[in-house]
Amino acid sequence: MAEEQAQRDDGGGLATARDTLTVTDNRTGETYDIEVTDGTVRAMDFRQIKVAEDDFGLMTYDPAFMNTASCRSSICFIDGEAGVLEYRGYPIEQLCGQSTYLEVAYLLIYGELPTEEQLDEWVFEITHHTFVHENIKKFVEGFRYDAHPMGMLLATIGALSTFYPDAKNIDDTLERHMAAVRLIAKVPTLAAFAYRHNLGLPYVYPDNDLSYPGNFLSMMFKMTETKYEPDPRLERALDVLWILHADHEQNCSTNAVRGVGSSEVDPYSAMAAGVAALYGPLHGGANEQVVRMLERIESVENIPGFLERVKNREERLMGFGHRVYKNYDPRARIIKEHVDQVFAVTGRNPKLDIAVELEKRALDDEYFTSRKLYPNVDFYSGLIYEALNLPTDMFTVMFAIPRTSGWIAQWDEMLEDEETKIARPRQIYTGARTRDYTPIGERTQLTDKPTAETHLIDPAAG
Ligand code: SDX
């Protein structure tokens, strides 16, 4: 029975009895052997478990995918208990100490560190694709002056799909390569244009003489000077921040990119889905919320009261906690080490004192330690962005810029995975069934949906 039931394992051999679960359905007394592979069982192997021939069979139920592997991946490894993060097997600490963001982007997408010649070609390609079609400026100008830059980035990245229709040929590896180059090259330009639009400043075009982070600083901050000269310490700090934010296995926004990409849509549209997911305050939007939280706390003296409100669930300790890390997020540790280097250039951000004391008090408090809540990547990053004089609503944009390379790598891997099919989960249906239509004159009010009156909405306001 075990042999017939056991599926072939990935090595082509038959799984032995020890690599199986024996499941007894107490409704029928039937026993099933389910193969265990890489610490997982296949949800489809439970479909055979039925109570009758016409039974659909068992499904697994896992809202938010708390305990579900959605794919096989070799891009990013996280050990949440140990606080380990590796890109293609290289520890994040070594990459931050010795690599550059563009080299890391190459590593994530192509799987190996480039040779000097490969890196030079990669940097040349990206440097020479930083311009965007002039029409993009018309889209940006269509936004209100106070439009959130993540909303503008979401729209303009999606709009890129209309300028590169050949990107729909996702089976063409050259098209996929060009989409990777164009997205990595143009997202900083789109981000800077959104920022300049918010301030009513003229756009600054890319400067090919500058490094990738240096060019971004120029497009953001250049004013009347003939040539913007970025401070090398800030260039390096940005490069390290972008290495830290480049990828993080199957996070919410990567799941969105893989899900949307599984319909075989073009990569620009799939990346726009990633931007939309990252925009959320529980995900990439947290760095913006951390600084707003520190502003609300105002002083170290107010920390005990704030933490009490968190424990009473009136507040959330933004920048703390993680679905995978149940230890200190290694990225937060590295960012904290770089904070002082940035402040040596920009001047010290007084909110750092509140953040450091807040972390100390939280990590001394059983409420947080019992829930394994530690600082995550967003806890300190906002302080650096604020010291760079970035407005708070640009902070998540600073996350989206580097995560573009991780999204591309994950999207590419998904397309290469022979198990990839269009993502289409099932559901547990809890609604009504087979009701007869009720003529409107015979209906009684069954819902309390909001109406203009209940929400004092002025219908004339549109
Ligand atoms: C990112 O997934 C990734 O890899 C994401 C990311 C990446 O690089 O892509 O790392 C980037 O998104 C980092 C996370 C940024 N978000 C925040 O800092 C927002 C604040 N943190 C959370 O809301 C929360 O911790 C999450 C969303 C990050 C994780 O939520 P989970 O895994 O669903 O955990 P949970 O909500 O089930 O919390 C478990 C317990 C609960 O307490 P109980 O109800 O069991 O008593 O911990 C509590 C939660 O109430 N809790 C918090 C808390 N986070 C969790 N309590 C106070 N403050 C918090 N921040």
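Note: the structure precedes this text.
Structural notes, computed from the coordinates.

Calculation notes
- Residues numbered from 1 in each chain as written.
- Predicted model: local features only at pLDDT ≥ 70, side-chain atom pairs only at ≥ 80, totals over all residues.
- Heavy atoms only, no water.
- Near = heavy atom within 4 Å.
- Polar contact = N/O pair within 3.5 Å; in protein donor to acceptor, adjacent residues only side chain to side chain.
- Areas by Shrake-Rupley, 256 points an atom, 1.4 Å probe, with all protein chains shown as cover.
- Nonpolar A, V, L, I, M, F, W, Y, C, P; charged D, E, K, R; others polar.
- Core = buried A, V, L, I, M, F, W, Y, C linked by side-chain atoms within 4.5 Å.
- Buried < 20%, exposed > 50% of the residue type's maximum accessible area, 1.4 Å probe, protein only.
- Contact = heavy atoms within 4.5 Å.
- Helix = DSSP H or I, 4+ residues; strand = E, 2+ residues; numbered from the N terminus.
- Axes fitted to C-alpha atoms, helices over the stretch in contact; angles between N-to-C directions.
- Parallel < 35°, antiparallel > 145°, perpendicular 65-115°, else oblique.
- Left-handed = near helix turned anticlockwise from the far one by under 90°.

## Here we look at the site of the ligand
In the vicinity of the ligand, 22 residues are found, and the nearest of them are His-248, Arg-313, Arg-316, His-322 and Arg-331. A distance of 2.6 Å is found between an oxygen atom of the ligand and a side-chain nitrogen or oxygen belonging to His-322. Contact with the protein chains covers 78% of the free accessible surface of the ligand, which is 1,100 Å². Residues of the shell around the ligand, tallied by class, amount to 8 nonpolar, 7 polar and 7 charged.

## Some words on the nonpolar core
Within the largest apolar cluster, 117 residues are counted, with the highest numbers of intra-cluster contacts made by Tyr-87, Trp-122, Ile-184, Met-293, Leu-317 and Leu-358. Apart from residues lying up to four places away in sequence, Tyr-87 is in contact with Ile-75, Cys-76, Ile-92, Leu-95, Val-104, Leu-107, Leu-108, Ile-243, Leu-244, His-245, Ala-246 and Asp-247.

## Focus: unusual backbone geometry
Unlike most non-glycine residues, Phe-65 shows phi in positive territory, near 50°. Within the secondary structure, Phe-65 is located in the loop between β2 (30–35) and β3 (76–79). Phe-65 gets classed as partly exposed once you look at its relative accessible area, which sits at 47%. A positive phi angle, near 70°, is found at Glu-298, a position not held by glycine. Within the secondary structure, Glu-298 sits in the loop between α12 (286–297) and α13 (303–311).

## Looking at the packing of helix α10 (residues 252–261) against helix α18 (residues 395–416)
At a closest axis distance of 9 Å, the pairing of α10 and α18 adopts a crossing angle of 40°. Classified by the angle between their axes, α10 and α18 sit oblique to one another. You can see that α10 and α18 cross each other, and the crossing is right-handed. For the pair formed by α10 and α18, the contact residues are Ser-253, Thr-254, Val-257, Arg-258 and Gly-261 on the first element and Arg-403, Trp-407, Gln-410, Trp-411, Glu-413 and Met-414 on the second. Tallied by class, residues from the contact of α10 with α18 come to 4 nonpolar, 4 polar and 3 charged.

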